[in-house]
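A look at the structure
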Amino acid sequence: MAANSSSTAGKSSNSAGGKQSGPSAEQVVATFQRMRQEQRSMASKSAELEMEINEHSLVIDTLREVDPSRKCFRLVGGVLVERTVKEVLPALETNKEQISKIIESINTQMQTKGRELTEYRERYNIRLVGEGEGEAQGQSAASSRDSEGGGPKSGAGVLVS
């Protein structure tokens, strides 16, 4: 650890006129964890909305088989209101379409966040605990060869649990 600190200090003194030094390992891990949590919350919201679509589909299918003049009850903003099937059915179909559009938007955002996470992992050489344990030994040998031979990759990496 002391070797990393001294090498970092040496790098910052060598580049005093230009670049800023990168974030600390703790900052890298914190940012990575935050990005992962954002992606998880998006996935959770997407799953929740998928369940809402399934519920809407069940109700729509049931109401299509019923007489349009039959009365039904709908929960609107916490208030139970009495309507007819012909009034409720179009509103349910519209809600279902809007939820589908929101899910598509969330899925697009999740894909973007996944790409950002992948780029961030590659940029800071982040490895997850238990990920590719067999590969990790081969990679560490390869990275030590690169560092000995002046290869492009540095030996510094971040391990995230």
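The rules behind the values
Residues numbered from 1 in each chain as written. Predicted model: local features only at pLDDT ≥ 70, side-chain atom pairs only at ≥ 80, totals over all residues. Heavy atoms only, no water. Axes fitted to C-alpha atoms, helices over the stretch in contact; angles between N-to-C directions. Helix = DSSP H or I, 4+ residues; strand = E, 2+ residues; numbered from the N terminus. Parallel < 35°, antiparallel > 145°, perpendicular 65-115°, else oblique. Left-handed = near helix turned anticlockwise from the far one by under 90°. Nonpolar A, V, L, I, M, F, W, Y, C, P; charged D, E, K, R; others polar. Phe/Tyr/Trp six-rings, centres within 6.5 Å; stacked < 30°, edge-to-face > 60°. Buried < 20%, exposed > 50% of the residue type's maximum accessible area, 1.4 Å probe, protein only. Salt bridge = Lys/Arg side-chain N within 4 Å of Asp/Glu carboxyl O.

The next point concerns the packing of helix α2 (residues 25–64) against helix α3 (residues 85–124). With their axes 8 Å apart at the nearest point, α2 and α3 run at an angle of 160° to one another. Relative to α3, the element α2 lies roughly antiparallel. Considering the relative orientation of α2 and α3, their crossing is left-handed. For the contact of α2 with α3, the class distribution of residues is 22 nonpolar, 11 polar and 11 charged.

This next bit is on the packing of aromatic side chains. How two aromatic rings sit relative to each other is set out by the distance from centre to centre and by the angle between their planes. Evaluated as defined, the whole model comprises one aromatic pair. Judged by centre distance (4.8 Å) and plane angle (55°), the rings of Tyr 120 and Tyr 124 are tilted. With Tyr 120 and Tyr 124 both in helix α3 and four residues apart, the pair spans about one turn of that helix. Taking the relative accessible area as the measure of exposure, Tyr 120 reaches 8% and is therefore buried.

The next point concerns the pattern of salt bridges. Using the criterion set out here, one finds seven salt bridges in the structure. With its nearest N and O atoms 3.6 Å apart, the salt bridge here joins Lys 45 to Glu 48. Here the residue Lys 45 and the residue Glu 48 both occupy positions in helix α2, the gap between them amounting to three residues, near one helical turn. Salt-bridge contacts for Glu 82 lead to Lys 71; the nearest nitrogen and oxygen are separated by 3.8 Å. Within this pair, whereas Glu 82 is found in strand β2 (residues 79–84), its partner Lys 71 is found in strand β1 (residues 71–76), the two being separated by 11 residues in sequence. Taking the relative accessible area as the measure of exposure, Glu 82 reaches 46% and is therefore partly exposed. Using a relative accessible area of 51% as the deciding quantity, one classes Lys 71 as exposed. Linked by salt bridges that have partners in common, Arg 34, Glu 38, Lys 113 and Glu 116 make up one network.

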